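Reading the structure
Residue-level listing of the chains:
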Amino acid sequence: MDKESNEASSKPADLKISNISIQVVSVPGRLPGRRPLRRPIGKARPNKQSKKRAPFWNVQNKIILFTLFLFILAVTAWTLLWLYISKTESKDAFYFVGMFRITNIEFLPEYRQKESREFLSVARTVQQVVNLVYTTSAFSKFYKQSVVADVSSNNKGGLLVHFWIVFVMPHAKGHIFCEDCVAAILKDSIQTSIINRTSVGSLQGLAVDMDSVVLNAGLRSDYSSTIGSDKGCSQYFYADHLSLRYPLEISATSGQLMCHFKLVAIVGYLIRLSVESIQLEADNCITDSITIYDALLPIRSTVLYRLCEPTKTLMSFVSTNNLMLVTLKSPYIRRLSGIRAYFEVIPEQKCENTVLVKEIPGFEGKISSPYYPSYYPPKCKCTWKFQTPLSTLGIALKFHNYSITKKSAKGCEHGWWEINEHMYCGSYVDHQTIFRVPSPLVHIQLQCSSRLSDKPLLVEYGSYNISQPCPVGSFRCSSGLCIPQTQRCDGVNDCFDESDELFCATIKPACDVPLFRQTGPLVCDGFRDCENGQDEHNCTQSIPCTNRTFKCDNDICFKKQNARCDGIADCPDGSDEDSCSCSRSSSALHRIVGGADSLEGAWPWQVSLHFVGSAYCGASVISREWLLSAAHCFHGNRLSDPTPWTAHLGMYVQGNAKFVSPVRRIVVHEYYNSQTFDYDIALLQLSMAWPETLKQLIQPICIPPAGQKVRSGEKCWVTGWGRRHEADNKGSPVLQQAEVELIDQTLCVSTYGIITSRMLCAGVMSGKRDACKGDSGGPLSCRRKTDGKWILTGIVSWGHGCGRPTFPGVYTRVSNFVPWIHKYVPSLL
Ligand code: ARG
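These notes cover the structure that comes with them. (Residues numbered from 1 in each chain as written. Predicted model: local features only at pLDDT ≥ 70, side-chain atom pairs only at ≥ 80, totals over all residues. Heavy atoms only, no water.)

Here we look at the side chain of threonine 812
Counted only if it meets this: Per the convention used, a helix needs a DSSP run of H or I reaching at least four residues, while a strand needs a run of E reaching at least two, with both numbered from the N terminus. Between buried and exposed lies partly exposed: a residue is buried under 20% and exposed over 50% of the maximum accessible area for its type, with that area taken using a 1.4 Å probe on protein chains only. Residues count as neighbours in contact if any of their non-hydrogen atoms are within 4.5 Å of one another.
Its location among the elements puts threonine 812 in strand E40 (residues 809–813). Classification of threonine 812 as buried rests on a relative accessible area of 2%. When residues no more than four places from it in sequence are discounted, the contact partners of threonine 812 are Asp680, Ile681, Arg758, Thr793, Gly794, Ile795, Ser797 and Phe817.

Describing the site of the ligand
This is how the line gets drawn: Here a residue counts as near a molecule or strand whenever at least one of its heavy atoms sits within 4 Å of it. For the purposes of these results, a polar contact is taken to be a pair of N or O atoms within 3.5 Å, where, inside protein, one atom must be able to donate a hydrogen and its partner to accept one; residues adjacent in sequence count only when each atom of the pair is a side-chain atom. Where accessible areas are quoted, they stem from the Shrake-Rupley method and a 1.4 Å probe; at the residue level, only the protein chains shown are allowed to cover.
Contacts to the ligand come from 15 residues, most closely from Asp770, Gly774, Ser776, Ser797 and Gly801. Aspartate 770 has a polar side-chain atom sitting 2.8 Å from a nitrogen atom of the ligand. The backbone of aspartate 775 places a nitrogen or oxygen atom 3.4 Å from an oxygen atom of the ligand. Taken by itself the ligand offers 340 Å² of open surface, and the protein chains cover 87% of this.

Quick look at the environment of lysine 658
Checked against the element boundaries, lysine 658 lands in the loop between strand E32 (645–649) and strand E33 (659–668). Under the relative-accessibility criterion, lysine 658 is labelled partly exposed at 38%. Apart from residues no more than four positions distant in its own chain, lysine 658 is found in contact with Glu600, Leu649, Gly650, Leu694 and Leu697.

Brief notes about the pattern of salt bridges
Rules: By definition here, a salt bridge exists when the distance from a side-chain nitrogen of Lys or Arg to a carboxyl oxygen of Asp or Glu is within 4 Å.
One pass over the structure, following the stated rule, counts 16 salt bridges. We note a salt bridge from glutamate 344 to arginine 272, for which the minimum N-O separation is 3.4 Å. Of this pair, glutamate 344 sits in strand E14 (residues 340–347) while arginine 272 sits in strand E9 (residues 269–277), and the two are 72 residues apart along the sequence. One exposure class covers both glutamate 344 and arginine 272, and it is buried. The salt bridge partner of lysine 695 is glutamate 692, with a shortest N-O separation of 3.7 Å. Using a relative accessible area of 43% as the deciding quantity, one classes lysine 695 as partly exposed. Put simply, Lys114, Asp150 and Lys262 are held in one network by salt bridges that share partners.

A few points about the state of the cysteines
As a reminder, the rule being used: Any two cysteine sulfur atoms lying within 2.5 Å of each other are counted as a disulfide.
Taken as a whole, this structure holds eleven disulfides when the rule is applied. Each disulfide pairs two cysteine sulfurs, and for cysteine 351 the partner residue is cysteine 382, the sulfurs being separated by 1.7 Å. Across the S-S bond of cysteine 351 and cysteine 382 the torsion is about 90 degrees, and the bridge reads as right-handed. Pair noted here: cysteine 351 is in the loop between E14 and strand E15 (352–356) and cysteine 382 is in strand E17 (residues 381–387), with a separation of 31 residues, a long-range link. Like cysteine 351, the residue cysteine 382 is buried in the burial classification. Between cysteine 716 and cysteine 782 runs a disulfide, and the two sulfur atoms are separated by 2.0 Å. Here the S-S torsion is close to 105 degrees, and the disulfide linking cysteine 716 with cysteine 782 is therefore right-handed. One end of the pair, cysteine 716, is in strand E35 (residues 715–720); the other, cysteine 782, is in strand E38 (residues 779–783), and 66 residues separate them in sequence.

Right, here's the structure in full:
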């Protein structure tokens, strides 16, 4: 206020007066009722102002004009900026892909021609309906268009319409866009009647089957290759003949990214695609993949199977309708000329049977999953009824590479089984299991539970004597198998669940007696029971060759397999110790015993796996390119994708690795069971092999010999950056180590109950020393006395809490996975 009055008083008085006079003269009529004074022109009083007129280009006007110019400039710049921002923002398009069945329009053959009047007319109708649905919805502002891509026949009648919907919105708002919301808008627009009790309702006048509506977020690349201009590699194959094999030929040779093959069979039939061999770059489907859909557009929830790896064994997949889409993705489609595949038209199969089982020993027949030996489609239901001739006979089911266990509260991924009203959950394993139902009348129902096609199932059946399931002279394993009594407690896991090797009294030869006498069952049996091998020295006879013995180079079958690569030359020519390459850690001797922090460089095979930049799991270096970790670290959609993972090698303090590599490929064991943690093992291939120059800081750990037995009480080390206490909420910054003892399997089974032969326990019974959250996938390293080499005996898997008394840590028993590891890393041998 004060300032204003000062300014006013500082203006010259004459300027103020002249201002007033100008106002009065130049704005006539502003004062109503007052006529302006008229003066005779000739007698006009000379005006001082007009006489001495100020130039237009004076300072004051200059300032005004300059301000005006600045103002106009700012407004233009702002408008341009706004236009630019809104224009670039609008470039974010969101694609949705889906299908639904229209029940009140019959299919016409003309619909196959996209240019036909018939196709265009039905496509226009559907597009108008979809336009109406979304332009009156909450997303109306962002809705751009819908495009009908296919109108096809199908096994349920009417028309199956496949379409794309495009939305455009600013990038910043993209997060408000949820897949479920977009799908719900479409579904909610279908008006069904409760009275009719049918799934068909009215969608703006179209009769649409509510149960057929599928809508998923789609990819721009898929949109352009199915709708846009670059659909050169998309083809239709119409199969009208049964019992004909239609080869899937790739005609495109250019460097395309994506090819789509749409297979359509005659109504009432299904399509079986058989892949004989494919050459793909194995990198978890990042660059190369073949995806099989149960639809004609790449709708994610209709995926039947995805192939990411090269294969030479025949695999086949069956659709649930008369159509299928096969997409090939590769930077160079030409590379995919290595694909050999064909498809056929097959009839739908019923999956039910009533069997009268005979009173004969053994298995007399087989049942299988639908379309065996093809992968069975995700929607399946089978019923089998068995009856035995006598009430003393039950039904035995021998599952091939499959096992069923009582239903648990958690989900069931590989088939629900209802057997005489009890629920069981199926999982794939690497051996046979026998399930016995002690009833002469058995009613079985199988329901698929996997979202994808699942591996074919084969089950043998037969009757068995309820009071004596295994023949005299045999032992009944927990897996249900019967094995000869003589194979019990022989050190070989014949039951596949180690139940034949549990509760075995250990009779040890008197190893330390000065004058060792060669008597007793364990002496000269081909298996070293004394640490110094004394019980197997000076044996007059060599053990006959069986598949349980190791064949030395001089053709003498001498020692058991697990004596291989144990650092002791058991064969006279030492061939059992050949080609066992892995390094002996040089810094192993500098280890702190009993300390919590490890010494830098003491565990050169220890890896920290980071998921989206944060430490998530551990792993072990087993070669220049490969790491071994736990399958559970990679369970789930996001975790199984290698892209967000990085491997940190040669690291001591979190974040300060000597070498960091992205992960190129994750191979989770095919039998990994997320409920029981069975087969908790995964291989990781690095995108870049670690350099030779870092071999002082990064070294691989040895893989144990196949089937190697461990001694309970043996001291090993567990390492990792996981939590230091169960209650902690973050891991340790410095690599920790703890010495733990291998625990007797029987004891561990009695603690936890659910310990399979793929697991082993280690810890200290008083608790305290253990792995914890964040250590998963990391090594349990045991030092072999004979040669000082470090062996990867276990992989941190699970446990009840951390370091609780009587609850040891559970580890994956690596010696059970040697052939599996060699399958992917043959260079290890
Ligand atoms: N599953 C845990 C992880 O994700 C490891 C648990 C090990 N627990 C134990 N008590 N040993 O890191």
